[in-house]
Amino acid sequence: QKEVEQDPGPLSVPEGAIVSLNCTYSNSAFQYFMWYRQYSRKGPELLMYTYSSGNKEDGRFTAQVDKSSKYISLFIRDSQPSDSATYLCAMSENLRGKLIFGQGTELSVKP
Amino acid sequence: GAVVSQHPSRVICKSGTSVKIECRSLDFQATTMFWYRQFPKKSLMLMATSNEGSKATYEQGVEKDKFLINHASLTLSTLTVTSAHPEDSSFYICSAAVLAGAYEQYFGPGTRLTVT
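All figures in this text were calculated on a predicted structure; none of them were measured in a lab.

Describing the state of the cysteines
Enumeration according to the criterion identifies two disulfides over all chains in this entry. With its sulfur 2.0 Å from that of its partner, cysteine 23 of chain A forms a disulfide with cysteine 89 of chain A. On the S-S bond that ties cysteine 23 of chain A to cysteine 89 of chain A, the torsion sits near -105 degrees, and the link is left-handed. With cysteine 23 of chain A in strand β3 (residues 19-25) and cysteine 89 of chain A in strand β9 (residues 85-92), this pair connects stretches of sequence that are 66 residues apart. Cysteine 89 of chain A shares its class with cysteine 23 of chain A; the two are buried. Covalently, cysteine 23 of chain B is tied to cysteine 94 of chain B through a disulfide, its sulfur atoms 2.0 Å apart. Between cysteine 23 of chain B and cysteine 94 of chain B the disulfide shows an S-S torsion of about 80 degrees. By sign, it is right-handed. Of this pair, cysteine 23 of chain B sits in strand β3 (residues 19-25) while cysteine 94 of chain B sits in strand β9 (residues 90-100), placing them 71 residues apart in sequence. Judged on exposure class, the residue cysteine 23 of chain B and its partner cysteine 94 of chain B are both buried.

What counts, and at which threshold
- Residues numbered from 1 in each chain as written.
- Chains lettered and ligands numbered in written order.
- Predicted model: local features only at pLDDT ≥ 70, side-chain atom pairs only at ≥ 80, totals over all residues.
- Heavy atoms only, no water.
- Disulfide = S-S within 2.5 Å.
- Helix = DSSP H or I, 4+ residues; strand = E, 2+ residues; numbered from the N terminus.
- Buried < 20%, exposed > 50% of the residue type's maximum accessible area, 1.4 Å probe, protein only.

Here's what the structure looks like:
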């Protein structure tokens, strides 16, 4: 079993839809949870960063962490064609621990 | 701020030759840099962690003699793929850690290596 599981998609939604992206993990020691966005042939860029359980909102993006279920989510409201990218979850045990990435979910938002 | 560059962005080399990839933090000093490898539609796999002035720490299964990492300064790390083979063809991405309380890695744009 992989430490971090993420459905690779592809996921296609119409513009304006609410998008839900998810990851599950097996290591209960993970404390730091990140979501990265990666455009084709580019490096990942950090979208959201959450410590432990709870919700965090930033504009149209909301990150949720449920440590009891070992499940994290990223919601994108009012999705735009410019949101089309691959979204990778990543997590680590401590502030200086290595990041373990999910496989990434390819998202396409159609105008 | 927190910009990381990589050079070259794309390189094609012949089997048996060596290729050097540079990773630079442009507007901050990075004590720690990381090198990842990413296959198409696959996750980023950490290859090694590099601290300025010391030897890199390689992940299990990564050949240190094949993937030479040098972190000579707080703004530059290099990855040299020695005696490259077609199976080394991949997307190589570096990241740099900003040491200022919260830990974040800022990623470079990646280098596409093709070995013919």
